[in-house]
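# Inside the fold
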Amino acid sequence: MAFERVGVVGLGTMGAGIAEVFARAGLRVIGVEADAEALARGRGHLERSTARAVDKGRLTRERQAEILGRVTLTTSRADLRDADLVIEAIPEVLRYKVSLFEELDRICKPETVLATNTSSLSITAIAAATGRPGRVVGMHFFNPAPVMKLVEVVGTVVTAPGVLQEISELAGRLGKTAVAVGDRAGFVVNRLLLPYLNHAAVLADQGVAGRDGIDAAMRLGVGLPMGPFALLDLIGLDTAYEVMGVLFDETRDRRHAPAPLLRELVTAGLLGRKSGRGFYDGEPREEQGPRAESATFDVVGPGAEELTDRLLAAGFKPSGDPAVVLRPADRPVIEHAVRLQDPSTMVGVHLVGDRVAELAATALTSDAAARAARDLMRVAGLTPVPCKDRAGFVVDALLYPYLNDAVRMYESGYASIDDIDVAMRLGCGYPSGPFEMLESLGLARVREGLRALYAEHREPSYAPVPLLDQLVTAGVSGFPRR
Ligand SMILES: NC(=O)c1ccc[n+]([C@@H]2O[C@H](COP(=O)([O-])OP(=O)(O)OC[C@H]3O[C@@H](n4cnc5c(N)ncnc54)[C@H](O)[C@@H]3O)[C@@H](O)[C@H]2O)c1
């Protein structure tokens, strides 16, 4: 089937970007909004996004006019009657989508493919609301749609033969990479990404670490393009909250229960960028802290030499009194602290990459020691991330369950290792996929970290999944790829 005329319903965070993607690829687009005010907002999104591309020299003015000229904007869904494909990007609420699809089914010609950009809802349930379930699919773009290269193409048990192939080819025509998967809540990317974002909100809510520290740790330490709170603001907290609710309903995994902090912010109308304020009030900024003038320290534990060298190079003298202990892999910092004459001077340190130091204060650490440790890290050229003495501190506590989830997804037969890696790289802009990350961190290290998390929280889904466990036991360092 030739797709030449495409309808996009809902021109919010995602729909406006999706309309732009189709228009850029030369297709005619009919953009539909709920009312005149929302339509004006949608037009604004389209104009600003293409104007930014012109300012950055990525688009000429002529081409911008050409792209905008291919888009017709309307508040009448009846204008979709001749579309070859309609994709909806209205809010993540099943009953809204079901009622829209019932209507689209009446309006559109029988051969039109109806697609949903849902992040998590059941495509099967949406398809079943129409008289053409074989021609209803998921076409899941990523935010921002004009930039992110992935489209998850989701089929159901009743999808007609050939339709997924046609939609995957269309994604290719848009310059995207399609990953075709079956109908499970969250598909590949959101099933792995959203629980991690939700977990970050739980850690902040529990005071394990602060918003800025967590974002800095994941961005500067792990190399992700954004920290979890900046990303939640970009996605929209209402959307994230809805997606978590859907995941929880399907899995009943406590980790998927939407974080109370998300609910609170959504109820307050703080939805992230689209409402002007969410976790951040405006763009996140780099924190600039004070510099240490003097401090004495001692560093013991794995990696001590590197940190000591950095501090000596900055003019500091070891005192022989432990003020800082590098995190021993095996046990909480407090177990080391209580062996000291003065446990109040001890802070746990975990270096993440070469830019971030997580600093875990125990229940006995004095404020002065915590401050001194922060200043010392800044002097050593590291961004300090203060946190509580909990298994995995911040980074490992967030990263390892995500990696475990990826192995679980592969083990369940839902997606291949390569598809999962590609989806996370292209859908989230991550420098590597979870399997690549697991292999570079070392499977044994991740298994140990998961065991420590499990031992502390007794959370069943933190236990290393059998495949990971078996590969480590067998002494294998990589995953079996086809
Ligand atoms: N935000 C993301 O990062 C992201 C990424 C991928 C997929 N999605 C999915 O895309 C969908 C839309 O999410 P969003 O973040 O763009 O939401 P949004 O709130 O930014 O935009 C939704 C838009 O739909 C419009 N709308 C509501 N009912 C309508 C109707 N009946 N007819 C026409 N327009 C209607 C609203 O006016 C609004 O402009 C959701 O299913 C979401 O899960 C979101």
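Residues numbered from 1 in each chain as written. Predicted model: local features only at pLDDT ≥ 70, side-chain atom pairs only at ≥ 80, totals over all residues. Heavy atoms only, no water.

- Under an unreviewed UniProt entry, the chain has the name 3-hydroxybutyryl-CoA dehydrogenase and belongs to Nonomuraea zeae.
- UniProt, in its Pathway (unreviewed entry) section for the chain, records the words "Lipid metabolism; butanoate metabolism."
- In the Sequence similarities (unreviewed entry) part of its UniProt record, the chain is described as follows: "Belongs to the 3-hydroxyacyl-CoA dehydrogenase family." (UniProt positions renumbered as here; feature names shortened; annotations may be inferred.)

### Things to note about the domain arrangement of the chain
- Taken domain by domain, the chain comprises domain 1 (5–183), domain 2 (187–208 + 228–283 + 394–481) and domain 3 (297–388).
- A separation of 28 Å is found between the C-alpha centroids of domain 2 and domain 3.
- Where domain 2 abuts domain 3, roughly 550 Å² becomes buried across the two surfaces, and 50% of that area is made up of carbon and sulfur atoms.
- The three residues of domain 2 that bury the most area against domain 3 are Val-208, Val-394 and Val-395, which together make up 60% of that side's buried surface.
- The interface formed by domain 2 and domain 3 contains zero salt bridges.
- At the junction of domain 2 with domain 3, the criterion picks out four residue pairs in polar contact (both at pLDDT 80 or more).
- Residue composition of the side of domain 2 that touches domain 3, grouped by class: three nonpolar, two polar and one charged. (Domains from an automatic or database assignment. Buried area = accessible area lost by both parts, 1.4 Å probe. Salt bridge = Lys/Arg side-chain N within 4 Å of Asp/Glu carboxyl O. Polar contact = N/O pair within 3.5 Å; in protein donor to acceptor, adjacent residues only side chain to side chain. Nonpolar A, V, L, I, M, F, W, Y, C, P; charged D, E, K, R; others polar.)

### Some thoughts on the side chain of Arg-255
- Residue position: Arg-255 is located in the loop between helix 10 (237–251) and helix 11 (260–267).
- Under the relative-accessibility criterion, Arg-255 is labelled buried at 14%.
- Here Asp-405 takes part through its side chain, which lies 3.0 Å from a polar atom of the side chain of Arg-255.
- When residues no more than four places from it in sequence are discounted, the contact partners of Arg-255 are Asn-198, Met-244, Pro-401, Asp-405, Arg-408, Glu-459, Ser-461 and Tyr-462. (Helix = DSSP H or I, 4+ residues; strand = E, 2+ residues; numbered from the N terminus. Buried < 20%, exposed > 50% of the residue type's maximum accessible area, 1.4 Å probe, protein only. Contact = heavy atoms within 4.5 Å.)

### Considering a positive patch on the surface
- Residues Arg-48, Arg-52, Lys-56 and Arg-58 make up a contiguous surface patch of positive charge.
- Within the secondary structure layout, Arg-58 lies in the loop between helix 2 (36–55) and helix 3 (61–69).
- Its relative accessible area of 63% is what places Arg-58 among the exposed residues. (Patch = residues over 30% accessible without salt bridge, like charges linked within 9 Å, V, L, I, M, F, W, Y side chains within 5 Å. Areas by Shrake-Rupley, 256 points an atom, 1.4 Å probe, with all protein chains shown as cover. Lys, Arg positive; Asp, Glu negative; His and termini not counted. Charge placed at Lys NZ, Arg CZ, Asp CG, Glu CD.)

### Quick word on the UniProt feature "domain: 3-hydroxyacyl-CoA dehydrogenase NAD binding" (unreviewed entry) in the chain
- Within this structure's numbering, the places UniProt gives as "domain: 3-hydroxyacyl-CoA dehydrogenase NAD binding" (unreviewed entry) are residues 6–183.
- For the annotated span residues 6–183, helix accounts for 39% and strand for 20% of the residues, and the straight-line distance between the end C-alpha atoms is 23 Å.

### Some thoughts on the packing of aromatic side chains
- All chains considered together, the criterion is met by five aromatic pairs.
- Relative to Phe-141, the ring of Phe-22 has its centre 6.1 Å away and its plane inclined at 65 degrees; by these criteria the two rings are edge-to-face. Residue Phe-22 is located in helix 1 (residues 15–24), and its partner Phe-141 is located in the loop between strand 6 (136–140) and strand 7 (150–154); the two are separated by 119 residues in the primary sequence. A single burial state applies to Phe-22 and to Phe-141, both of which are buried.
- With 6.2 Å between their ring centres and 80 degrees between their planes, Tyr-402 and Tyr-430 make a pair best called edge-to-face. In this pair, Tyr-402 sits in helix 15 (residues 395–411) while Tyr-430 sits in the loop between helix 16 (417–428) and helix 17 (434–441), placing the two residues 28 residues apart along the sequence.
- Through successive ring pairs, a cluster of aromatic residues spans Tyr-410, Phe-435 and Phe-479. (Phe/Tyr/Trp six-rings, centres within 6.5 Å; stacked < 30°, edge-to-face > 60°.)

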